[in-house]
Amino acid sequence: MEQKRFDPSKLDRLNAPERIKNFPVLEIMDQLQLNNPQLVVDLGAGTAFYSIPIAEKFKDCKVIATDISDIMIEWMKEHVIPYFPNIQTLKMLDHTLDIPDQSVDFLFMVNLHHELDSPELTLQESYRVIKNIGYIAISDWRKEPSEKGPSFELRYETEKVIDQLISNGFQLVSCQTDYPDNFVIIGKKI
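Scope of this entry: the structure provided in the associated data block. (Residues numbered from 1 in each chain as written. Predicted model: local features only at pLDDT ≥ 70, side-chain atom pairs only at ≥ 80, totals over all residues. Heavy atoms only, no water.)

1. Observations regarding the packing of aromatic side chains
The final tally for this structure, using the stated rule, is five aromatic pairs. Judged by centre distance (5.5 Å) and plane angle (85°), the ring pair of phenylalanine 23 and tyrosine 50 falls under edge-to-face. One end of the pair, phenylalanine 23, is in the segment before helix H1 (25-31); the other, tyrosine 50, is in the loop between strand E1 (39-43) and helix H2 (51-57), and 27 residues separate them in sequence. No difference in accessibility class separates phenylalanine 23 from tyrosine 50, as the two residues are buried. On the basis of an interplanar angle of 90° and a centroid distance of 4.9 Å, the ring pair of phenylalanine 49 and tyrosine 50 is categorised as edge-to-face. On the basis of relative accessible area, tyrosine 50 is assigned to the buried category, the value being 4%. Feature note: the residues Phe23, Phe49, Tyr50, Phe106 and Phe108 constitute an aromatic cluster, connected by ring pairs. Lying over the aromatic face of phenylalanine 152, lysine 143 brings its terminal NZ or CZ to 4.4 Å of the ring centre. One cation-aromatic arrangement involves lysine 189 over tyrosine 127; the distance from NZ or CZ to the ring centre is 4.4 Å. (Phe/Tyr/Trp six-rings, centres within 6.5 Å; stacked < 30°, edge-to-face > 60°. Helix = DSSP H or I, 4+ residues; strand = E, 2+ residues; numbered from the N terminus. Buried < 20%, exposed > 50% of the residue type's maximum accessible area, 1.4 Å probe, protein only. Lys NZ or Arg CZ within 6 Å of the ring centre and 35° of its normal.)

Set out below in structure tokens:
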């Protein structure tokens, strides 16, 4: 069976500038009119590639970059945290986050959903920490053959992710499939 989790020895791939085309995080935040977020969570942050532009634009926003990998957490502590005081790292344990209930304005995950052993539990935990009227964005590889990314078998149909999101209390805001490799599904906690 193929390893589901990203190999930390390939973390240089996570900093490839073209990745922003699959999840233009600041454009998405603008579309959601998240103009003054207080707390943003990057679930499965890797190298904090998507956390950095948020921290640069919203100086008063705390950005929590979570990961399950000790290697990624240590890399962020060495290469990111010294330059971005509003980013904090948080070691994620399976599907639990040490974050207070209803405190997060925006939570997102990029190319993580296919790695989750229990997506439903992760979405339940996301729902717990997101504020009422807060947002979740899930970006992952589209379920189509590709020379890069995970195998076809590990990928999710967008409809399945939408169903998971709705069954865990979120309202669908949008589903976009026109990014180069990914879909982006946005939900709102109401």
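2. A few points about the pairing of strand E4 (residues 104-110)
With seven of seven residues buried, E4 is to be regarded as a mostly interior element. Pairing of E1 with E4 involves four bridges; the strand directions are parallel. Paired with aspartate 42 across the two strands is phenylalanine 108, which belongs to E4. As paired strands, E4 and strand E5 (residues 130-141) are joined by six bridges and run parallel to one another. Across the sheet, residue phenylalanine 106 finds its bridge partner in E5, namely tyrosine 135. (Pairing = 2+ DSSP bridges.)

3. Quick look at unusual backbone geometry
With the exception of glycine, the majority of residues adopt a negative phi angle, and the majority of peptide bonds are in the trans configuration. Positive phi outside glycine occurs at glutamine 102, with the angle close to 45°. Classification of glutamine 102 by relative accessible area gives partly exposed; the value is 43%. One non-glycine residue, isoleucine 133, adopts positive backbone phi at about 70°. Overall, isoleucine 133 belongs to the exposed group, its relative accessible area being 54%.

4. Quick look at the sheet that holds strand E3 (residues 87-91)
Spatially, seven strands are ordered E3-E2-E1-E4-E5-E7-E6 in an open sheet, and the strand pairing comes out mixed. In this open sheet, the two edge strands, each paired with only one partner strand, are E3 and strand E6 (170-176). Taking each pair of neighbouring strands and ignoring which way they run, the sheet shows an average axis angle of 20°. Sheet analysis places E5 next to strand E7 (residues 182-189), joined by seven bridges and oriented antiparallel. What sits directly across from isoleucine 138, in E7, is isoleucine 185. Set on the sheet, helix H3 (residues 70-79) makes contact with strand E2 (62-67) and E3; between it and E3 the angle comes to about 160°. Along the sheet face, helix H5 (residues 158-167) touches E5, E6 and E7 and points at about 15° away from the line of E7. (Axes fitted to C-alpha atoms, helices over the stretch in contact; angles between N-to-C directions. Contact = heavy atoms within 4.5 Å.)

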